[in-house]
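Residue-level structure breakdown
Take a look at the letters that make up each chain.
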Amino acid sequence: MRDAVSLWIDAPAPDVWALVSDVTQIGRFSPETFEAEWLDGATGPAVGVRFRGHVRRNGKGPVYWSTCRIVGCEPGREFAFVVGVGDTSLNVWRYRFEPADGGTTVTESFELADRLGTRIYWALLGRWRGRTNRTGMQTTLERIKAVAEGSRPG
C-alpha cells in the first residue's frame, strides 16, 4: 500500500523544494490535482498548515476537494502531507530531496494508512490504482524537472 518514484533534477535541492512546497502551483505538475489553496489564513508551508487540493480522479473524474495537512516541512530536504477526511488520515504523500551530482534526486512517494477500509480498497483496486499513482508520480516529477531545469540560468 505504498510506492515511490525517484528522478534526478539538474537544480539545487532548495530550488526544487520551493517548487514542490508551494501547493498553489500543484496544477503545473500533478496529472490529477489541478489546483490547491492554503487554508486558515496560511500563505506558505509549515508543519501543521492545512491546504486543500482540487482533484480530478484519474485525470477524468470524479472531481472533488481533498483537505491536507503538512506533516513534514524541511526546506531542501522534505515536504510531506496527509490527505484525510476529518481527523482520519488516509494517505501520506512525501517528497524527499537529496543533493546528487550537482543537482537533486527527488523521490515522491505515497503510503496508504493501515486501516481496514484502505486494506480492502487496496485488495480490490490496488493493482490499478497503484499503476495510476506510479505513472502520476513519474509525470509529476518530470514536470517539476522541466520547470526547475528550465528556470536555471544557462
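**A look at unusual backbone geometry**
Phi angles above zero are rare outside glycine, and Asp40 is one such case at about 60 degrees. Along the chain, the position of Asp40 falls in the loop between strand S2 (33-38) and strand S3 (50-56). One non-glycine residue, Asp101, adopts positive backbone phi at about 50 degrees. Tracing the sequence through the fold places Asp101 in the loop between strand S6 (88-100) and strand S7 (103-112).

**What to know about the nonpolar core**
Grouped together as the largest cluster of nonpolar side chains are 31 residues, with contacts concentrated most on Val16, Phe51, Phe79, Phe81, Tyr95, Phe97 and Ile144. Contributions of two or more residues to this core are made by strand S1 (2-9), helix H1 (13-21), S2, strand S4 (63-74), strand S5 (78-85), S6, S7 and helix H2 (116-150). Discounting residues that sit within four places of it in the chain, Tyr95 has contacts with Val20, Arg77, Glu78, Phe79, Phe81, Val106, Thr107, Glu108, Thr140, Leu141 and Ile144.

**Looking at the packing of aromatic side chains**
If you walk through the whole model with that rule in mind, you get 4 aromatic pairs. Relative to Phe51, the ring of Trp38 lies with its centre 6.0 Å away and its plane at 75 degrees, an arrangement referred to as edge-to-face. Remark: Phe51 occurs in strand S3 and Trp38 occurs in strand S2; sequence separation between them is 13 residues. Neither residue differs from the other here; Trp38 and Phe51 are each classed as buried. Centre to centre, the rings of Trp93 and Phe110 are 5.5 Å apart; their planes meet at 40 degrees, and the pair counts as tilted. Placement of the pair is Trp93 in strand S6 and Phe110 in strand S7, with a sequence separation of 17 residues. With respect to class, Trp93 is no different from Phe110; both count as buried. A network of ring pairs unites the aromatic residues Trp38, Phe51, Phe79 and Phe81 as a single cluster. Its end group placed over the ring of Phe34, Arg56 keeps NZ or CZ at 4.3 Å from the ring centre.

**Considerations on the pairing of S6**
For S5 and S6, the ladder comprises 8 bridges, and the chain directions are antiparallel. Each bridged residue has a counterpart across the sheet, and for Ala80 the counterpart in S6 is Arg94. Two successive antiparallel strands, S5 and S6, enclose a turn made up of 2 residues, where Gly86 displays a positive phi of approximately 60 degrees. Here 10 bridges tie S6 to S7, and the two strands are oriented antiparallel to one another. Along S7, the bridge assignment pairs Tyr95 with Glu108. Counted along the chain from S6 to the antiparallel partner S7, the turn is 2 residues long, and its residue Asp101 has a positive phi close to 50 degrees.

**A closer look at the layout of surface pockets**
Each pocket or cavity is described by its volume, and for the largest pocket that value is around 840 Å³. Every residue lining the largest pocket is counted, 43 residues in all, and those nearest its centre are Glu32, Arg57, Asn91, Trp93 and Arg129. Elements supplying a minimum of two residues to the lining of the largest pocket: H1, S3, S4, S5, S6, S7 and H2. Looking at the lining of the largest pocket, the element that brings in the most residues is H2, giving 12 residues. The space that makes up the second largest pocket amounts to roughly 170 Å³. Residue lining of the second largest pocket: Arg50, Thr67, Cys68, Arg69, Val82, Val83, Gly84, Val85, Gly86, Asp87, Thr88 and Ser89, and that is the complete set. Elements represented by at least two residues in the lining of the second largest pocket include exactly S4, S5 and S6.

Criteria and cut-off values
- Residues numbered from 1 in each chain as written.
- Predicted model: local features only at pLDDT ≥ 70, side-chain atom pairs only at ≥ 80, totals over all residues.
- Heavy atoms only, no water.
- Helix = DSSP H or I, 4+ residues; strand = E, 2+ residues; numbered from the N terminus.
- Core = buried A, V, L, I, M, F, W, Y, C linked by side-chain atoms within 4.5 Å.
- Buried < 20%, exposed > 50% of the residue type's maximum accessible area, 1.4 Å probe, protein only.
- Contact = heavy atoms within 4.5 Å.
- Phe/Tyr/Trp six-rings, centres within 6.5 Å; stacked < 30°, edge-to-face > 60°.
- Lys NZ or Arg CZ within 6 Å of the ring centre and 35° of its normal.
- Pairing = 2+ DSSP bridges.
- 1 Å grid on protein atoms, 1.4 Å probe; cavity = no way out; pocket = protein on both sides within 12 Å on 5 of 7 lines; lining within 4 Å.
- Points joined across faces, edges and corners; volume = space filled by probe spheres on them.

This is a description of form; function is not addressed.
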